[in-house]
Amino acid sequence: MAARSLSAHHYPTKVITYGLLILWAFICLFPIYWTFSTSFKTAVNVTQGHLLPWIDFAPDWKGWRSLGLSPDTIFETSTVREEFLKRFENSVIASISASALAVLIGSCAAYGLSRFTYKFGPMQNKDISFFFLSQLILPPVVLAMPFLVLYKELALLDTRIGLILLYTLMVLPIVIWIMRDQFDTIPLELEQAALVDGCSVWGAFLRIVLPIALPGMVAAFILSVILCWNEYFFAALLTSTNAKTLPVMVASQTGSQGISWWSMAALSAAAIAPLIVIGVLLERYIVKGLTAGSVK
Amino acid sequence: MAETADTPTAPMPSRAALSALSQAEAVTAGVAPERVEDGKRIITLATVGFAVVVLIQLAFDLGIISWGFENWRPIAYAYVLWGIALGFGLVRMRGAAGHRSLFVLPAVLFTVAMVIFPTFFGLYIAFTDWNLSAFEGRRFSGLKNLYDLFNDAYYWNALGNMVFYVAAVLVQYALAFGLALLLNADIRARKFFRVAFLLPFMLSPVAVSWMIGKSLMEYRFGPVSRLMREFGWDNPAFFTSPWIAKFSIALMDAWVWIPFIMIMLLAGLQALPKELSEAAKVDGANKWQSFWQITFPIMLPVSVTAVVLRIIFQLKLADIVINVTSGGPGGATDTVSSFIFREYRDRSNVGYGTMLAEFYLVIIIIFVTLLLNFVSRWMRKIN
């Protein structure tokens with residue numbers, strides 16, 4: 001009786017559950033599939049709405065050729081490819097450096113706030129934490145113009161360093177949030193033992209705590225890299241020929257390409273491919289970073 | 001900043017113990033009076049040096065003296081040096097307590113330099129009439145920008161749109177909760193679904209703008225438009241009539257951000273003790289009842305965190321609007337950020353744009369403060 005009710009009762013819910021799961025997975029994945037497949041289409045395939053390679057349409061390297069990244073053009077000189085690689089390089093350097101810097105100073109600050117009691121004038125730990133977290137509220141538009149002017153004076157306009165500093169600022173509150181949560185879960189006894197053994201505060205931090213907190217740091221780093229990689233607003237306003245990043249290049253092509261979807265698709269695909277690789281391989285860390293502090 | 005003092009009044013006993021321990025160490029290390037003098041001297045010297053460099057450059061910039069640096073970059077280096085000297089001085093002065101303050105010092109100095117100073121500098125710009133494409137350059141214009149702001153129908157329209165976009169967060173939350181429940185159910189291939197559901201969050205909004213806004217929803221050849229024609233909507237123009245355009249933008253925004261809420265809620269669900277739902281089942285509650293009476297109330301704190309964070313992020317919404325509709329048709333999809341972005345980039349109207357941004361910041365601060373107050377009071381009433 002129990003078994004019968006189980007199968008009779010659970011069968012429809014199972015179907016609905018999997019149906020919804022598959023539907024949503026389709027909604028999530030189809031745009032990505034569409035972008036990658038369109039980069040192999042020709043004009044006819046696009047206008048007639050062909051969807052399945054080899055069945056509907058014959059894959060063609062057209063989109064990738066326009067980027068200079070197809071097999072037959074990869075060894076030839078191509079100005080588009082050079083442009084693309086330069087933007088790609090800018091994006092890689094800006095996002096990795098900014099994330100590393102943010103994790104460096106953010107971890108230290110988070111550790112201090114998690115372990116010691118500070119008093120900077122009227123500011124105590126709670127206020128200092130709030131001071132850092134409140135930066136999340138600040139919309140980029142508020143900083144954009146002052147930075148345009150300041151960077152001009154500092155000769156940092158259209159440089160990678162300028163971009164790195166801004167991106168560090170952007171992800172710093174998130175890093176502090178994640179790392180404070182991480183340090184709060186590490187028992188104090190370990191450091192106390194180290195301090196008794198004659199370690200300095202910094203020695204205990206570097207030798208005992210950091211190795212344990214490494215997963216949290218990796219999570220904070222990866223989340224920061226993703227956010228910096230995708231950043232568009234500051235990059236669009238503060239960079240031009242030298243330090244322009246990939247999102248700005250994608251955006252600038254959107255208007256001009258008209259219906260040559262294959263090249264836009266190839267460009268978009270190349271811009272999101274690194275993130276998809278990161279997402280598939282390091283999903284665990286991203287989830288860890290996103291959920292830090294939310295569940296207590 | 002220089003008043004770094006360690007007060008062992010931490011609420012947690014273990015934390016106080018550690019603090020006391022390191023303080024004992026500080027006492028044994030013994031900060032000799034000459035070290036305190038030393039530290040003070042270092043900090044004073046560095047501060048004076050920094051001030052002199054700034055004054056020299058300021059005088060040069062204003063044309064009072066004829067020599068100085070080519071640009072202000074050396075001032076940035078001087079600030080870094082001053083920060084390092086401050087750190088040295090603190091360690092010298094306070095021993096172990098100084099060491100402890102070194103943990104937060106870099107982040108504090110960095111944030112102050114990058115946020116506080118530019119925001120106040122922005123306030124100054126906001127009261128000037130400054131158009132980059134105009135010949136005259138910057139001049140003080142008093143409250144004129146503020147008057148213009150109050151008469152700018154497009155700006156208020158953009159603010160009104162923000163209400164719509166913020167309200168859309170609640171719909172995203174409902175959908176995300178459903179998805180989190182699905183993922184938390186007893187299913188196979190959970191890892192695959194979780195990765196698939198997370199991917200949209202990771203893609204750059206600019207790429208999403210093209211992938212979905214400009215190609216999938218393209219009027220003639222986009223697959224979504226084709227599908228809509230199949231369903232009998234003859235004229236599937238997603239971005240030409242105001243409300244449909246608004247919903248289309250909200251749709252794309254939801255596609256990107258639902259995973260964010262979903263992951264937070266899923267973590268909350270996974271932390272729930274299994275016995276709870278078992279107990280509810282024994283009591284004869286059906287799924288619907290047990291969700292509303294047990295799961296949902298327990299999940300409330302996580303939900304509130306997720307929704308509040310999401311609203312804060314939503315207030316910055318810009319990339320998708322800039323790249324898909326540029327605020328059109330007729331400002332129907334404009335967000336405040338995208339409107340100001342165009343003010344900067346297309347009209348080079350720096351002074352006015354900054355006034356709009358600073359005004360928006362004030363509104364945001366008031367709104368978020370009220371929101372947080374309301375939420376904390378509400379949570380206390382419920383518990």
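Residues numbered from 1 in each chain as written. Chains lettered and ligands numbered in written order. Predicted model: local features only at pLDDT ≥ 70, side-chain atom pairs only at ≥ 80, totals over all residues.

**Considerations on the overall build of chain B**
Quick reminder of the rule: Under the scheme used here, helices are H or I runs from DSSP no shorter than 4 residues and strands are E runs no shorter than 2 residues, and both carry numbers assigned from the N terminus. Using C-alpha atoms as the atom set, the radius of gyration is obtained and then compared with a globule rule of 2.2 Å times the number of residues to the power 0.38. We call a residue exposed when 12 or fewer other C-beta atoms sit within 10 Å of its C-beta, buried when the count reaches 20 or more, and partly exposed for counts in between; the C-beta positions come from the backbone. Contacts are defined on C-beta atoms placed from the backbone: any two residues whose C-beta positions lie within 7 Å are in contact.
A tally of helices and strands in chain B yields 15 helices and two strands. Taking 383 residues into account, the globule formula puts the C-alpha radius of gyration at 21 Å, and chain B, at 28 Å, lies well above it. Expressed along its principal axes, the backbone C-alpha trace of chain B runs to roughly 80 × 70 × 40 Å. Evaluated residue by residue, chain B yields a buried proportion of 37% over its 383 residues. Across chain B, contacts joining residues at least 24 apart in sequence account for 67% of those joining residues at least 6 apart.

**What to know about the overall build of chain A**
Across its full length, chain A carries twelve helices and two strands. When the helices and strands of chain A are read in sequence order from the N terminus, they spell out α-α-α-α-β-β-α-α-α-α-α-α-α-α. Overall, the C-alpha framework of chain A stretches about 80 × 75 × 35 Å when taken along its three principal axes. Relative to its 296 residues, chain A shows a buried fraction of 47%. Partitioning the contacts of chain A with sequence separation of at least 6, the portion at a separation of at least 24 is 71%.

**Structural notes on the domain arrangement of chain B**
Residue and element names in this part refer to chain B. As a reminder, the rule being used: For the domain bounds, the source is a domain assignment made automatically or taken from a database. Side-chain classes are defined by residue name, with Ala, Val, Leu, Ile, Met, Phe, Trp, Tyr, Cys and Pro counting as nonpolar, Asp, Glu, Lys and Arg as charged, and the others, Gly among them, as polar.
Taken domain by domain, chain B consists of domain 1 (30-126) and domain 2 (147-382). The centre of domain 1, based on its C-alpha atoms, is set 41 Å off from the matching centre of domain 2. Residue-level contacts link four residues of domain 1 with five residues of domain 2. For the side of domain 1 that touches domain 2, the residue count by class is three nonpolar, one polar and no charged.

**Here's the deal with the nonpolar core**
Stated precisely, the cut-off is as follows: Throughout this description, the term nonpolar core refers to a group of buried Ala, Val, Leu, Ile, Met, Phe, Trp, Tyr and Cys residues whose C-beta atoms join them within 7 Å.
With 179 residues, the main nonpolar core has Ala109 and Val175 of chain A together with Met262 and Leu265 of chain B as its most contacted residues. Of all the elements, helix α7 (residues 160-184) of chain A adds the most residues to this core, at 16 residues. Look past the residues within four positions of alanine 109 of chain A in its chain and what remains in contact with it is Phe132 and Ile176 of chain A together with Phe103, Val104 and Ala107 of chain B.

**Some details on the packing of helix α6 (residues 140-154) of chain A against helix α15 (residues 350-382) of chain B**
Rules: Here the axes come from fitting lines to C-alpha atoms, over the contacting stretch only for helices, and the angles between their N-to-C directions go from 0 to 180 degrees. Put simply, a crossing is left-handed when the front helix is turned counterclockwise from the back one by less than a right angle, and right-handed when it is turned clockwise.
Running from N to C, α6 of chain A and α15 of chain B cross one another at 145°; their axes reach a closest spacing of 8 Å. Classified by chirality, the crossing of α15 of chain B by α6 of chain A is left-handed. Contact residues: Val141, Val142 and Met145 of chain A in α6 of chain A; Val350, Gly353, Thr354, Ala357, Glu358, Tyr360 and Leu361 of chain B in α15 of chain B. Of the residues belonging to the contact of α6 of chain A with α15 of chain B, the class tally is seven nonpolar, two polar and one charged.

**What to know about the confidence of the model for chain A**
Quick reminder of the rule: The pLDDT score gives, residue by residue, the confidence of the prediction method on a 0 to 100 scale.
Averaged over all residues, the pLDDT of chain A equals 85, while 93% of them reach at least 70. Within the model, pLDDT remains below 50 along residues 1-8 of chain A, and this stretch shows zero contacts once partners closer than five positions in the same chain are excluded.

**Focus: the domain arrangement of chain A**
Residue and element names in this part refer to chain A. The assigned domain composition of chain A is domain 1 (2-66) and domain 2 (79-291). Taking the mean C-alpha position of each, domain 1 and domain 2 sit 33 Å from one another. On the side of domain 2, nine residues touch domain 1, which itself brings twelve residues to the contact. Looking at the side of domain 1 that touches domain 2, the elements that each hand over two or more residues are α1 (2-38) and α3 (62-66).

**Quick look at unusual backbone geometry**
Glycine aside, residues mostly have negative phi angles, and peptide bonds mostly take the trans form. Although it is not a glycine, aspartate 158 of chain A adopts a positive phi angle of roughly 60°. Relative to the helices and strands, aspartate 158 of chain A is located in the loop between α6 and α7. Of note in the backbone geometry, serine 326 of chain B takes a positive phi value of approximately 50° without being a glycine. One can find serine 326 of chain B in the loop between α13 (319-324) and α14 (336-345).

**What about the interface of chain A and chain B?**
Taken together, the contact pairs 85 residues of chain A with 95 residues of chain B. The leading source of residues in the side of chain A that touches chain B is helix α12 (residues 261-291) of chain A, at 14 residues. By residue class, the composition of the side of chain A that touches chain B is 62 nonpolar, 18 polar and five charged.

**Focus on the environment of leucine 275 of chain A**
Locating leucine 275 of chain A in the fold gives a position in helix α12. For the pair formed by leucine 275 of chain A and threonine 291 of chain A, sequence separation is 16 residues and the distance between their alpha carbons is 19 Å. Not counting chain neighbours up to four residues away, the residues in contact with leucine 275 of chain A comprise Ile226 and Trp229 of chain A together with Met202 and Leu203 of chain B.

**Let's talk about α7 of chain A**
The periodicity of an α-helix, 3.6 residues per turn, causes residues three or four positions apart to be oriented the same way. All names here are of chain A. Short version of the rule: By definition here, a helix of n residues has an expected span of 1.5 Å times n minus one. To get the bend at a given residue, fit one axis to the seven residues ending there, fit another to the seven starting there, and take the angle between those axes.
With 25 residues, α7 ought to run about 36 Å at 1.5 Å a step, and its terminal C-alpha atoms sit 34 Å apart, in line with that. Roughly 40° is the biggest bend found in α7, and it falls at valine 171, with proline proline 173 one to four residues downstream. Counting buried residues along α7, 22 of its 25 residues qualify, which places the element largely inside the surrounding structure.

**Some words on the environment of isoleucine 105 of chain A**
Secondary-structure assignment places isoleucine 105 of chain A in helix α4 (residues 79-115). Isoleucine 105 of chain A gets classed as buried once you count the C-beta atoms within 10 Å, which come to 22. Spatially, the C-alpha atom of isoleucine 105 of chain A lies 9.2 Å from that of valine 175 of chain A, the residues being 70 residues apart in sequence. With residues up to four places along the chain from it excluded, the contact list for isoleucine 105 of chain A reads Pro106, Ala107 and Phe110 of chain B.

**Examining the environment of alanine 58 of chain A**
Assignment of secondary structure puts alanine 58 of chain A in the loop between α2 (43-47) and α3. C-alpha of alanine 58 of chain A to C-alpha of threonine 42 of chain A: the two residues are 16 residues apart in sequence and 8.8 Å apart in space.

**Some details on the packing of α12 of chain A against helix α7 (residues 190-202) of chain B**
Closest axis-to-axis distance for the α12 of chain A/α7 of chain B pair is 10 Å, and the angle between their directions is 115°. Here α12 of chain A and α7 of chain B pass one another in a crossing that is right-handed. On the side of α12 of chain A, the interface is formed by Leu275, Ile276, Gly279, Val280, Glu283 and Ile286 of chain A, while α7 of chain B contributes Arg194, Val195, Leu198, Leu199 and Met202 of chain B. Among the residues forming the contact of α12 of chain A with α7 of chain B, the class breakdown is eight nonpolar, one polar and two charged.

**A word on the confidence of the model for chain B**
Residues and elements named next belong to chain B. Residue-level pLDDT values for chain B average 83, and 91% of them are 70 or greater. Per-element mean pLDDT across chain B ranges from 46 in helix α1 (residues 13-29) up to 93 in helix α6 (residues 153-184). A low-confidence stretch, residues 1-17 (pLDDT under 50), is modelled with 34 contacts involving residues beyond four sequence positions or located in other chains. Within the model, pLDDT remains below 50 along residues 20-28, and this stretch shows 13 contacts once partners closer than five positions in the same chain are excluded.

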